[in-house]
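Inside the fold
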Amino acid sequence: MITEREAVAETPGAVAHQFDDFAQQHEASTLGMWTFLVTEIMFFGGMFLGYAIYRSAYAEVFGHASNHLDIVLGTVNTAVLIASSLTVALAVHAAQESKRRALLFFLALTVVLGLVFLGIKFTEYYHKYEENLIPGWRFQYPEGNAHHAAIFFSFYFAMTGMHALHMIIGIGMFLVLGVAAWKGRYSAVYYTPVELAGLYWHFVDIVWIFLFPLFYLLGRHS
Amino acid sequence: MKAEKLDIPLQPRIHYLNVNYGIKSWLLTTDHKRIALLYLGSITFMFFIGGAAAVLFRLELMTPPGDLVISETYNKLFSLHGIVMVFFFLIPSIPATLGNFLVPMMIGARDLAFPRLNLASWYLFVAGALFTLGAILAGGVDTGWTFYTPYSSVYSNTFVVATIVGVFIAGFSSILTALNFIVTIHTMRAPGLTWFRLPLFIWAHYATSLIIILGTPVVAITLTLVVLERVFRLGIFNPALGGDPILFQHLFWFYSHPAVYIMILPAMGVISEVVTCFSRKRIFSYRFVAFASVAIAVLGFLVWGHHMFVSGQSVYASMIFSLLSMLVAIPSAVKVFNWTATLYKGSVIYQTPLLYGLGFIGLFTIGGLTGIFLASLGLDVHVHDTYFVVAHFHYIMVGGALMGYLGGLHYWWPKISGKVYPEGWAKFAALVVFIGFNLTFFPQFVLGYLGMPRRYHAYPDEFQVLNVMSSAGASILGVGYIIPMIYLIWSMRYGKAAGPNPWDSPGLEWQTPSPPPTDNFERTPTVTRDVYDYGERGRG
Amino acid sequence: MDALFQLFPEQASTIAPRVDALYFYLVAISVFFSALIFTLVIYFAVKYRRRSENEPPPPLIPDSLALEIIWIVIPLALALIAFFWGARVYYAMARPPDDALEVFVVGRQWMWKFQHPDGQREINELHVPRGRPVKLTLASEDVIHSFFVPAFRVKHDVIPGIYTTVWFEATKTGSFHLFCAEYCGTQHSGMIGRVVVLEPDQYEAWLGGLTAGPPATAALGKPADAATGSPAARGQQLFQSLGCEVCHQMERQGIGPVLTGLFGTKVRLQSGETVTADENYIRESILNPQAKITAGFQPLMPPFQGRINEDEMIQLIAYIKSLGGQKTN
Amino acid sequence: MIPTRVYVAVFFALLVLTAVTTAVSFVDLGGPFNVITAVTIAVVKMLLVALFFMHLRYSSRLTVLFAGAALFWLGIMIVLTVSDYLSRGWVGPFEAMLR
Ligand code: HEA
Ligand code: HEA
Ligand code: CUA
Ligand SMILES: [Cu+2]
């Protein structure tokens, strides 16, 4: 039993029944996404706070432990992620100009860059596995207080893992968007989904922008 | 009234309840009004589960030794009670039922901004509830609703993880509801409905949503860390591994104190509507009441440390939190005084919703004032974690929020169901609830000051008399809750038709038939006057 | 005490009357405001009830900024008084007097262990003299507990991993409830005991009786502890048996710093900070020496985390304290 | 619409900042300055992404308000919690007022 209005609402690009016009719908969607990002900021914020408290309590060990992370891979990954943010911005731009091929190209590139990031991330995880630096499972840390180092690595895995989970969700979103874009759903008139996915992806990028110095760069100078 | 008489329909009028039938039409609905009813059913179920646990442990507490159930069971019962009542009943109670139903209607919209998200939030709620109930059936959880570490993360050997997963999912459900409200209130108000013409119910829901958006993610991540710590034996909150259990308390209360305002603000919104309608007057000082909601939302985030005065928190941090707790009481005081002033020179009609409303004002005042006791540092040291605290929060949550919820349910019942509930029974039930409530929880203030600690399965003999009074009250209270359930369900079938506006209220939700059509209004209304325009003498 | 019905708890410490005074202040405020609100609500509801269906609409009452200000300012003032009052009482509770008798308390699931400075040990029962401040240092072996004596109006959480303190000065002799107030698992409600307040001379006799004759705790089924010595004496034995003295010598600086006279002084750390060598610092220095390295030393000390329990830690600290130093707080 | 060259410029700026923060981390700036620099650079990067990639610079006041509110609340959480940790061992200040 689908009413006519609902049926119309299912067609992308149409105004859903609860809205009066495109402008209202677009405003609502964007505001909705930003509100969601507010929750994300608080979500990661809780972990940043925890990290900050322990980092100041166990500064020495945290500094040491951070040297166990691979700075080369970390820096490369930062660059990869920033590049993917650029491609997303360009994808939105292409959608705004109704350039279907460009949109598809940038979406594909974003997915590829995202996968490269995850590939590198999991390589790093594997190294940690080999080096026995996974708290609660395989953990050996002879250089200092092993408990405190374990806290460092707990946060490392919790935060980068949560970040990676967000990336995976984002990549999934871009794949879905890619299919829709292939079918020509997006144009200068209607590109809200691309824009919203973009906002999400940039947010995930920003999280990494903080994770990178806090975990990789902390103890380099000593 | 006139409109109703004119189109006495040959065929029954189509409204949201009868547009279509069948399980699927409900489980796949995106209509906010139907989702509200789905929620209403679910939370009522959860309330009775939490209530049944209360009945059991109140029975246990009739006698000093722990003789009815063993202590493991006792601990699981109050944990179950707290978790279910807070996360699965009171937090969603008003927002997800009355709020869901009324927010679009009061602002003249056809639905919430994201109807499918709204349905998703109900499914998340159900999934969360199933997890938690599953954990209970599997054997229960014994951490209390506060999940303090390292007990929860290391020592308890009950089903902590499954419970937390349930709470986590329910948290996302309330985030989705709040997100929907915020966006809807910002972008979908009817023409002419400026911010200062919004019903105070909407202001309260807006403030509540802000708290949910800003606070819930923090408890989500905190509980996630507890799960990780438990499963992978990490040391984030476990002192044996270098972690800090007090950090958990900070993160937990950063959400859970504001969460108490999630529970009370919507009820305050209900009271503002009810008191004005039944004294036939606009609210005294609209702006102060509206801004008080926002002030509570903001200040509410600055006081969480008042739960940690004896936890080893620094003396100076405690002082800051105490001072700020005094400030957060002021907007509540403003509301109480303005409601009282609204009655002045009114034309007061004793209908059930108003009885609940007046009950709310009185009991919330007592509950709130005892909050000031708790916020006073030196005194909290003595009463912290005693029955004084238990009495404080039941006065606010049961005497306040739950009464507000029942009042609201009665007030909008004609709109929701299209039927009138039996007034006599309703008044009787309200009276039973009021008496039962006070008998249950007033003795607990005395018990608390005498020093009876909370979460105690057995207690010294000299506390028995007061405990028996409390248990007796609880059974009266239980009866008081069962009566409305029966007659409200009864009235859905046998009640008299209510008509579009039985209370003769100027609110937008009343300017459409009861029950409303799926799209709420035939035509998007245009607002030109004050929502609280009861046609008082002297209005311009 | 044994009455079946009570309305008000006994006052048995110096702080209790201060807490109760604050309590009565707040009760007065609450009664006043509750009565005010109840009376007004009922009065208005009755006086202005609608008398007939077609009563004319009520008059429009204009808002009043003056009224709003009044009911913001008065409650605020009253609440601020409660804040300052409460803060003073709290501060007094947080700062034990210098001459307090010191007792160590270890909480664990689900019992209380007490250790007196002269070596007496008790379980779930604490004997203290009347009229003398007693400072308790609280430690937990597992989860969070909370030390609560209603008659004294004192309470403090007992937290694993750090020391906290609570103090009181009893004013009445007798036996008072001791409760664990923080939920700590299955037998939380069984983690109770008594605080027995004795006249100072009785207390001395009790102390003497304990060291000479069978300990009072024997009644609880606990065998008399033959090796009873003061915690400091046992700490000294531990200091030898754990090999501390290899590095920490009495007069001469060895691998580690001399600990004589250390307690309560300011210690300079390698990081440039200075800290006070209080119980928590010494505890951390033993369990986890790397966390705070003393200036001028190598981080050579092995961590003792997991190798000594809370009781032994208390004894080591008592020993280090006995080597002289200054009073903290 | 924002011209693509803005995006590309921001991209290069971000790369440069990444290089700078990495390089600087190998130099001991003494005291807390390594942390301060790292966090400052991260904040600048965040602003670049938010203002340009996320179009915050071109968005409504409401959107900016929401983003700001999130950071503000995060600030509340961090500041009040840290204030507890920092003042744990304090003895003395306000003593006279409180005795
Ligand atoms: C809906 C829920 C709700 C609400 C609204 C409140 C409101 C308040 N609460 Fe409560 N509280 C809880 C639910 C709630 N609380 C719960 C569940 C716990 C226990 C958690 C646990 O440990 O399990 C708790 C615990 C709790 C504590 C910790 C106690 C302890 O564990 O030691 C404190 C301490 O400050 C406190 C204070 C306050 C204050 C100051 C308010 C204020 O907002 C109240 C403001 C209202 C008024 C003041 C009344 C109206 C005013 C007047 C009529 C004017 C006169 C006013 C003055 C003279 C000031 N609460
Ligand atoms: C919305 C919140 C809410 C609500 C509505 C209630 C409702 C009630 N609460 Fe609860 N309560 C809490 C929130 C709430 N509580 C919280 C958060 C805690 C802290 C938990 C913790 O420490 O972790 C707590 C703790 C708590 C305690 C302290 C337990 C302890 O510390 O040991 C007590 C003791 O009396 C109590 C009593 C009651 C009673 C009698 C009711 C009554 O109002 C309930 C009335 C309802 C009924 C009676 C249901 C009617 C149904 C039936 C009669 C069916 C019966 C069926 C069978 C028996 C099979 N509650
Ligand atoms: Cu120990 Cu409760
Ligand atoms: Cu609180």
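Conventions used here
- Residues numbered from 1 in each chain as written.
- Chains lettered and ligands numbered in written order.
- Predicted model: local features only at pLDDT ≥ 70, side-chain atom pairs only at ≥ 80, totals over all residues.
- Heavy atoms only, no water.
- Helix = DSSP H or I, 4+ residues; strand = E, 2+ residues; numbered from the N terminus.
- Rg over C-alpha atoms; globule rule 2.2 N^0.38 Å.
- Buried < 20%, exposed > 50% of the residue type's maximum accessible area, 1.4 Å probe, protein only.
- Contact = heavy atoms within 4.5 Å.
- Areas by Shrake-Rupley, 256 points an atom, 1.4 Å probe, with all protein chains shown as cover.
- pLDDT = per-residue confidence, 0-100.
- Buried area = accessible area lost by both parts, 1.4 Å probe.
- Salt bridge = Lys/Arg side-chain N within 4 Å of Asp/Glu carboxyl O.
- Polar contact = N/O pair within 3.5 Å; in protein donor to acceptor, adjacent residues only side chain to side chain.
- Pairing = 2+ DSSP bridges.
- Axes fitted to C-alpha atoms, helices over the stretch in contact; angles between N-to-C directions.
- Expected span 1.5 Å × (residues − 1).
- Donors = N, O, S within 2.8 Å, 3.2 Å for Na, K, Ca; no water.
- Near = heavy atom within 4 Å.
- Nonpolar A, V, L, I, M, F, W, Y, C, P; charged D, E, K, R; others polar.
- Patch = residues over 30% accessible without salt bridge, like charges linked within 9 Å, V, L, I, M, F, W, Y side chains within 5 Å.
- Phe/Tyr/Trp six-rings, centres within 6.5 Å; stacked < 30°, edge-to-face > 60°.
- Lys NZ or Arg CZ within 6 Å of the ring centre and 35° of its normal.
- Tetrahedral: all angles 85-135°; square planar, octahedral: opposite > 155°, others 65-115°.

What about the overall build of chain B?
- If you tally the helices and strands in chain B, you get 16 helices and zero strands.
- In summary, chain B has a C-alpha radius of gyration of 23 Å against a globular reference of 24 Å for 540 residues, a match within 12%.
- Relative to its full complement of 540 residues, chain B shows a buried share of 72%.
- Expressed as a percentage of contacts within chain B between residues at least 6 apart in sequence, the contacts between residues at least 24 apart total 83%.
- Carbon and sulfur atoms make up 71% of the accessible area of chain B, which amounts to about 15,700 Å² in all.

Overview of the confidence of the model for chain B
Residue and element names in this part refer to chain B.
- In this model, chain B carries a mean pLDDT of 92, and residues with pLDDT of at least 70 account for 98%.
- Every residue in residues 1-6 is under pLDDT 50, and counting partners more than four places away or in other chains gives four contacts.
- Among the scores for the predicted complex, ipTM is 0.90 and pTM is 0.91.

Considerations on the interface of chain D and chain B
- Taken together, the contact pairs 18 residues of chain D with 23 residues of chain B.
- Regarding the contact of chain D and chain B, the summed buried area is about 1,700 Å², with carbon and sulfur atoms giving 76% of it.
- Sorting the residues of chain D by area buried against chain B places Trp73(D), Met77(D) and Leu80(D) first, and these three jointly supply 35% of that buried surface.
- Linking chain D with chain B are zero salt bridges, by the criterion used here.
- The interface formed by chain D and chain B contains six residue pairs in polar contact (both at pLDDT 80 or more).

Some details on the sheet that holds strand S2 (residues 111-115) of chain C
Residue and element names in this part refer to chain C.
- The five strands are arranged S3-S2-S1-S5-S8 in an open sheet whose pairing can be described as mixed. Sheet topology places strand S3 (121-123) and strand S8 (164-169) at the edges, where each strand pairs with a single neighbour. Between one strand axis and the next, the sheet turns through 25° on average, direction left out of account.
- Strand direction decides the pairing type here: S2 and S3, joined by three bridges, are antiparallel. If you follow Gln115 over to S3, its bridge partner there is Arg121.
- The sheet contacts of helix H7 (residues 310-322) involve strand S1 (101-108), S2, S3 and strand S5 (133-140), and relative to S1 the element is tilted by about 160°.

Concerning the environment of Leu90(B)
- Relative to the assigned elements, Leu90(B) resides in helix H4 (residues 71-106).
- Spatially, the C-alpha atom of Leu90(B) lies 17 Å from that of Pro484(B), the residues being 394 residues apart in sequence.

A closer look at helix H15 (residues 423-450) of chain B
- The end-to-end C-alpha separation of H15(B) is 41 Å, in line with the 40 Å expected for 28 residues at 1.5 Å each.
- Positive phi appears at Gly451(B), one or two residues downstream of H15(B), with a value of about 110°.

Structural notes on the coordination of the copper ion (ligand 4)
- Protein coordination of the copper ion (ligand 4) is provided by His257(B) (ND1), His306(B) (NE2) and His307(B) (NE2), with donor distances spanning 1.8 to 2.1 Å.
- When the donors of the copper ion (ligand 4) are listed by position in the chain, the intervening gaps give H-x48-H-H.

Comments concerning the confidence of the model for chain A
- Taken residue by residue, chain A gives an average pLDDT of 88. The fraction at 70 or more is 93%.
- Note that pLDDT drops below 50 for residues 1-12 of chain A; the model gives that stretch 14 contacts with residues more than four away or on any other chain.

Considering the site of ligand 2
All names here are of chain B.
- As a structural note, the neighbourhood of ligand 2 is formed by 35 residues, with Arg58, Tyr74, His81, His394 and Arg455 the closest of them.
- Contact distances for ligand 2 include 3.3 Å between an oxygen atom and a side-chain N or O atom of Tyr387.
- Between an oxygen atom of ligand 2 and a side-chain N or O atom of Gln444, the distance comes to 3.1 Å.
- Only helix H3 (32-60), H4, helix H14 (387-417), H15 and helix H16 (464-494) provide two or more residues apiece to the shell around ligand 2.

Considering the site of ligand 1
- Lining the immediate surroundings of ligand 1 are 33 residues, of which Tyr261(B), Asp380(B), His384(B), His392(B) and Arg454(B) lie closest.
- Bordering ligand 1 are residues originating from chains B and C.
- Here Ala375(B) contributes a backbone N or O atom positioned 3.2 Å from an oxygen atom of ligand 1.
- With respect to ligand 1, the side chain of Arg454(B) contributes an N or O atom lying 2.8 Å from an oxygen atom.
- Listing elements by their share of the shell around ligand 1, those giving two or more residues are helix H9 (245-279), helix H11 (315-343), helix H12 (352-375) and H14 of chain B together with helix H1 (16-47) of chain C.
- Among the elements that line the shell around ligand 1, the one with the most residues is H12(B), at eight residues.
- Classifying every residue of the shell around ligand 1 gives 22 nonpolar, nine polar and two charged.

Observations regarding a nonpolar patch on the surface
All names here are of chain B.
- Residues Val55, Leu56, Leu59, Met62, Leu68 and Val468 make up a contiguous nonpolar surface patch of roughly 480 Å² in combined accessible area.
- At three residues, H3 tops the list of elements feeding residues into the nonpolar patch.
- Position of Leu59 relative to the elements: it lies in helix H3.
- Under the relative-accessibility criterion, Leu59 is labelled partly exposed at 47%.

Focus: the side chain of Thr186(C)
- Relative to the helices and strands, Thr186(C) is located in the loop between strand S9 (174-180) and strand S10 (193-198).
- Apart from residues lying up to four places away in sequence, Thr186(C) is in contact with Ser71(B), Glu72(B), Asn75(B), Tyr151(B) and Trp110(C).

Focus on the pattern of salt bridges
- Evaluated as defined, the whole model comprises 19 salt bridges over all chains.
- The salt bridge partner of Arg282(B) is Asp63(C), with a shortest N-O separation of 3.0 Å. Of the two residues, Arg282(B) sits in the loop between H9 and helix H10 (286-299) while Asp63(C) sits in the loop between H1 and helix H2 (65-94), which places them in two different chains.
- When its relative accessible area of 40% is taken as the criterion, Asp63(C) is described as partly exposed.
- The partner of Lys321(C) in a salt bridge is Glu279(C), and the shortest N-O contact between them spans 2.9 Å. Linking Lys321(C) in helix H7 with Glu279(C) in helix H6 (residues 279-287), this pair joins segments that are 42 residues apart in sequence. When sorted by exposure, Lys321(C) lands in the same class as Glu279(C), which is buried.

Describing the packing of aromatic side chains
- Taken as a whole and judged by the stated rule, the model has 104 aromatic pairs over all chains.
- Judged by centre distance (5.1 Å) and plane angle (70°), the rings of Tyr156(A) and Phe157(A) are edge-to-face. Phe157(A) shares its class with Tyr156(A); the two are buried.
- A centroid spacing of 5.8 Å and a plane angle of 70° characterise the contact between Tyr156(A) and Phe215(A), whose relative ring orientation is edge-to-face. Here the residue Tyr156(A) occupies a position in helix H6 (residues 146-182), and Phe215(A) occupies one in helix H7 (residues 192-217), the gap between them amounting to 59 residues.
- By relative accessible area, which is 0% here, Tyr156(A) ends up buried.
- Overall, Phe215(A) belongs to the buried group, its relative accessible area being 0%.
- In this structure, Arg287(B) packs its charged tip against the face of Phe196(B), placed 3.8 Å from the ring centre.

Brief notes about the coordination of the iron atom of ligand 2
Residue and element names in this part refer to chain B.
- At 2.0 Å from the iron atom of ligand 2 lie its protein donor atoms, namely His81 (NE2) and His394 (NE2).
- One can describe the donor arrangement at the iron atom of ligand 2 as octahedral, given that its six donor atoms subtend angles of 87 to 179° at the metal. Of the two residues, His81 sits in helix H4 while His394 sits in helix H14, which places them 313 residues apart along the sequence. Accessibility classification places His81 together with His394 in one group, the buried group.

What to know about the interface of chain B and chain C
- Counting from both sides, the interface comprises 94 residues of chain B and, opposite them, 88 residues of chain C.
- Of the roughly 7,900 Å² buried where chain B meets chain C, counting both sides, 69% is carbon and sulfur surface.
- Among the residues of chain B in contact with chain C, Phe337(B), Tyr449(B) and Glu462(B) are the three that bury the most area, contributing 9% of the side total.
- On inspection of chain B and its partner chain C, the count reaches one salt bridge.
- Across the chain B-chain C interface, the total number found is 32 residue pairs in polar contact (both at pLDDT 80 or more).
- If you tally residues by element for the side of chain B that touches chain C, the top one is H11(B), at 16 residues.
- Residues that form the side of chain B that touches chain C fall into these classes: 53 nonpolar, 27 polar and 14 charged.

Let's talk about the environment of Ala472(B)
- Turning to its location among the elements, Ala472(B) is positioned in helix H16.
- Considered as a pair, Ala472(B) and Leu439(B) are 33 residues apart in the sequence and their alpha carbons are 7.5 Å apart.

Re the sheet that holds strand S6 (residues 145-149) of chain C
Residue and element names in this part refer to chain C.
- One open sheet holds the five strands; their spatial order is S4-S10-S9-S6-S7, and the pairing between them is mixed. Strands at the two margins of the open sheet, each flanked by one partner only, are strand S4 (125-129) and strand S7 (154-158). Averaged over all neighbouring strand pairs, the angle between strand axes comes to 20°, with direction disregarded.
- Pairing analysis gives five bridges linking S4 to S10, with the strands arranged parallel.

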